[in-house]
Every structure is written in structure tokens, then in C-alpha cells.
Amino acid sequence: MPDETLTQPQTHPLSAEGCDPLTLAGVNDANLVELQRLSGARVALRGDALTLSGTPDAVERAVAIAQRMIETARQRGALDADDVLRMSLDASRDDTDGEFRIALPGGRRVIQPKTPGQGEYLRAIAENDIVIGIGPAGTGKTYLAVAAAVDALARKRVRRIILARPAVEAGESLGFLPGDLQAKVDPYLRPLYDALEDMMPVERMQKALETRVIEIAPLAYMRGRTLNDAFVILDESQNATNAQMKMFLTRLGANSKTVITGDKTQIDLPKREESGLLQIERILSHIDGIAIHYLTDVDVVRHRLVREIIRAYAEDLGA
């Protein structure tokens, strides 16, 4: 006779104490609906109790995902249906990337990898002086690098953060924009400001910018400098020329760490072969202390359609 315990409905309550109910449940209960869809269990949130019921297999699947959801909500992390899906894909893995979770200053919240690829990326940043992160949009290349930089500054491992980007026109002209040079290049640097604003209280960020503890500047401003005791990030590096990339890499000073991020499918230079990212990918991979880490569409953490869009473009280029 079959073991009835394998088919009889079960109920498993989990404590959601300390969670923001809206964060845990999602808008219109979208997170709970996704948990139910993925696990096959019935899901109910009442006050501080999340109740899972169904067959033993369904409940077991739901518990593994729900525990991750509760942990994220307690740490004030963002949580949506896409995150629940990623948690289900990774629920069977051991949490080997826990040591690379980043607690932001002031208890603002905790940044943690959402995919194994992101965990390996943070590991590479922790273990190497120069890391080159290559991958498509939405994989967290810049966001995680900025989080690691803010963490290093808070722990006094470095004395300053320097964020740079090439100011390359992507089919548009800078010339018509109003204002002085700084006003013209600010739109290129805005994503770096956005990442910082998400990780630091505004007043603390403004003070750090005013005292140049944090500096955000076009890549061209790096020429002639030596960057000691700094965490340096070059974003959108696919739009740095070979000469600019060599100039940037040779700025590295004592007790400094560099992260270079880029997407090889979004080169806006007039001649693609002049991209400094493509050159360093070829010539630096053998050097000890330099790591090249590749993120893929599997690591996309924006809207799930972004992943499908990236795949569609890749398939079209390969056709």
C-alpha cells in the first residue's frame, strides 16, 4: 500500500514577524501568488503568520522559497514576483554566498546576490585587485560593484570611492544640451548617482561628494592621477578606447581596488574594434590578481521581459 503520509495534505506555518507585510506579499499579493504557482501549495498570510498547505512535496518546495522571501523582507530588501522566481530556481542550492552579503551603512538594508553568477561576481571582487565584469544590461554589474565600494569605505578598507564613465554619445549629440560642461556630462553619470542614492542616506552622500570622499567624473578626468587607497569603478567600459583603458588601468595606486564593468553588445564607439574592453579581455586574463567574470541573461534581475529581450537580440545577431 502507498504511504498515505506522502499524499495527505499538510499545513506548515512560518513566522513572518519583523517583515513588512506589503514587501512580503507584494502589490496585489503578487509575491504570494507566484509562490503558490511555483510550489503548488496554498499560501495564506495572516498578520505575522505565513501558512503553507498542500501535499508534502508542495509544502516542502514552498517552505524553501518562503524562508528566503521572509529573510529578504526582514532585511528590508526589495522583493517582487521575479525575485520569488529566482529564489525558486536557487532554493535547492546551499547558501554559499552568504559571506558576500553587504550590510549597508546605517542599517539601511542588506545587498545580497540574487543569482549564483552574482554571488561569484562579488566573490571575485573580494578576492582580486582588478575585476572585469562583462555581461548584458540588468545583471547588476554596476550596482553590486557600487555596493562593494560603499561597504569597503564603511569598513575603512579604502579612504575614497571614485566612479568613472566614458562620456560617449549613443546616437545623440551633447552639443545641443544646455549648461556648462558639467551639466552636459551629468546625464552620462546619472546611473552612478542613482546607485549611490539607493545605498546611502541623501545627506551622507551629499557630504561625501562635497568632501570628495566620493567622486563621480567622466573617464577623461582620470588622466595624470594616481589613485591610492581607493575603490575605483569604471562603468560602461565598452565605450572606452584602447588608449583610455590603458590610461585608466595605470592609475591604480597602493591599497586600491578596481572594478571595470561593460556590455560588449552595446559599444557606441565609431569603430567597434577600438573598444578597450575587448582589448583587455584578450590580453589581461592570464595576469594573477585580475579576474574576468561573465554574467549572462540568467543573471538579469530587472523585469523578466528584459531577459527575454536580451535573448531575442542575441538570437537575431546569431541568425
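Remember, predicted model here, so these are calculated numbers, not experimental data.

Student: Can you help me understand the overall build of the chain in this one?
Tutor: Helices and strands together make up the secondary structure of the chain, namely 11 helices and 11 strands. Once local pairs closer than 6 in sequence are excluded, the contacts in the chain between residues at least 24 apart make up 69%.

Student: Please explain the environment of Arg223 as it appears in this structure.
Tutor: Here Arg223 shows up in the loop between strand S8 (214–218) and strand S9 (230–234). Judged by its relative accessible area of 56%, Arg223 is exposed. Taking the C-alpha atoms as reference points, Arg223 and Gln244, separated by 21 residues in sequence, lie 8.6 Å from one another.

Student: Please explain the sheet that holds strand S2 (residues 42–46) as it appears in this structure.
Tutor: Strand pairing in a sheet is mediated by backbone hydrogen bonds. Such pairs are either parallel or antiparallel. One open sheet accounts for three strands, arranged S1-S3-S2; its pairing is antiparallel. The open sheet has two edge strands, strand S1 (10–15) and S2, and neither has a second partner. Within this sheet the neighbouring strands show an average axis-to-axis angle of 20°, counted without direction. Sheet topology places S2 next to strand S3 (residues 49–54); five bridges connect them, and they run antiparallel. Within S3, the residue paired with Ala44 across the bridge is Thr51.

Student: Any chance you could explain the side chain of Ser256 here in plain terms?
Tutor: Examined against the element boundaries, Ser256 turns out to sit in the loop between helix H9 (242–249) and strand S10 (257–262). At a separation of 3.1 Å, a polar atom in the side chain of Ser256 contacts the main-chain amide nitrogen of Asp229. Residues within four places of Ser256 in sequence aside, it is in contact with Asp129, Leu227, Asn228, Asp229 and Ala230.

Student: Just to check I follow, could you spell out the pattern of salt bridges for this structure?
Tutor: When the charged atoms of two side chains with opposite charge come close together, those side chains can pair. Counting across every chain of the model gives eight salt bridges. The residue Asp229 makes a salt bridge to Arg159 at a minimum N-O spacing of 3.4 Å. Here Arg159 lies in the loop between helix H6 (141–154) and strand S7 (160–165) and Asp229 lies in the loop between S8 and S9, a separation of 70 residues in the sequence. Glu215 is the salt-bridge partner of Arg225, the closest N and O atoms lying 2.8 Å from each other. Of the two residues, Arg225 is situated in the loop between S8 and S9 and Glu215 in strand S8; the sequence distance between them amounts to 10 residues. Residue class for Glu215 comes out buried when judged on its relative accessible area of 9%. Through salt bridges that share partners, Arg165, Asp235 and Glu236 make up one connected network.

Student: Can you help me understand the nonpolar core in this one?
Tutor: Soluble globular proteins tend to pack their nonpolar side chains together in the buried interior. The biggest cluster of nonpolar side chains holds 36 residues, and the ones touching the most others in it are Leu196, Ile214, Ile216 and Phe231. Mapped onto this core, the elements with two or more residues apiece are helix H5 (116–127), H6, S7, helix H7 (181–199), helix H8 (202–210), S8 and S9. At nine residues, H6 tops the list of elements feeding residues into this core. Once you skip the residues sitting within four places of it in the chain, Phe231 turns out to touch Ile125, Ala145, Ala148, Ala149, Ala152, Val158, Arg160, Ile161, Ile162, Lys257 and Val259.

Student: Help me out: how do you make sense of unusual backbone geometry in this one?
Tutor: One can expect most non-glycine residues to show negative phi and most peptide bonds to be in trans. One non-glycine residue, Asn28, adopts positive backbone phi at about 55°. Take Asn28: it is sitting in the loop between helix H1 (21–25) and helix H2 (30–39). Residue Lys156 is not a glycine yet carries a positive backbone phi of 60°. Residue placement: Lys156 occurs in the loop between H6 and S7. Residue classification places Lys156 among the exposed positions, given a relative accessible area of 72%.

Student: Sorry, what's going on with H6 here?
Tutor: Since the α-helix advances by 3.6 residues per turn, residues separated by three or four positions end up pointing in the same direction. Spanning 14 residues, H6 covers 20 Å between terminal C-alpha atoms, matching the ideal 20 Å at 1.5 Å per step. Among all positions in H6, only Lys141, Thr142, Leu144, Ala145, Val146, Ala147, Ala148, Ala149, Val150, Asp151, Ala152 and Leu153 are buried. Positive backbone phi, approximately 60°, marks Lys156, located one or two places after H6.

Student: Mind showing me how you'd approach the pairing of S10 here?
Tutor: The two faces of the sheet receive side chains in turn, since in a regular strand these alternate between them. Counting buried positions along S10 yields six of six residues, so the element is predominantly enclosed. By the alternation rule, side chains of S10 split into Lys257, Val259 and Thr261 and Thr258, Ile260 and Gly262, which are all buried. Pairing geometry for strand S6 (residues 130–134) and S10, over five bridges, is parallel. Along S10, the bridge assignment pairs Ile134 with Gly262. As paired elements, S9 and S10 share four bridges and run parallel to each other.

Student: I'm lost on the packing of H2 against helix H3 (residues 56–74) in this one. Help?
Tutor: Axis angle and axis distance: for two packed helices, these are the angle between their axes and the distance between the axes, and together they describe the pair. In contact at an axis separation of 9 Å, H2 and H3 are set at 145° when each is read in the N-to-C sense. Once H2 is placed against H3, the crossing between them reads as right-handed. Touching Asn31, Leu32, Leu35, Leu38 and Ser39 of H2 are Ala58, Arg61, Ala62, Ile65, Ala66 and Met69, all from H3. Here the contact of H2 with H3 is composed, by residue class, of eight nonpolar, two polar and one charged.

About the criteria used
- Residues numbered from 1 in each chain as written.
- Predicted model: local features only at pLDDT ≥ 70, side-chain atom pairs only at ≥ 80, totals over all residues.
- Heavy atoms only, no water.
- Helix = DSSP H or I, 4+ residues; strand = E, 2+ residues; numbered from the N terminus.
- Contact = heavy atoms within 4.5 Å.
- Buried < 20%, exposed > 50% of the residue type's maximum accessible area, 1.4 Å probe, protein only.
- Pairing = 2+ DSSP bridges.
- Axes fitted to C-alpha atoms, helices over the stretch in contact; angles between N-to-C directions.
- Polar contact = N/O pair within 3.5 Å; in protein donor to acceptor, adjacent residues only side chain to side chain.
- Salt bridge = Lys/Arg side-chain N within 4 Å of Asp/Glu carboxyl O.
- Core = buried A, V, L, I, M, F, W, Y, C linked by side-chain atoms within 4.5 Å.
- Expected span 1.5 Å × (residues − 1).
- Left-handed = near helix turned anticlockwise from the far one by under 90°.
- Nonpolar A, V, L, I, M, F, W, Y, C, P; charged D, E, K, R; others polar.

Functional significance is not addressed by these values, which are geometric in nature.
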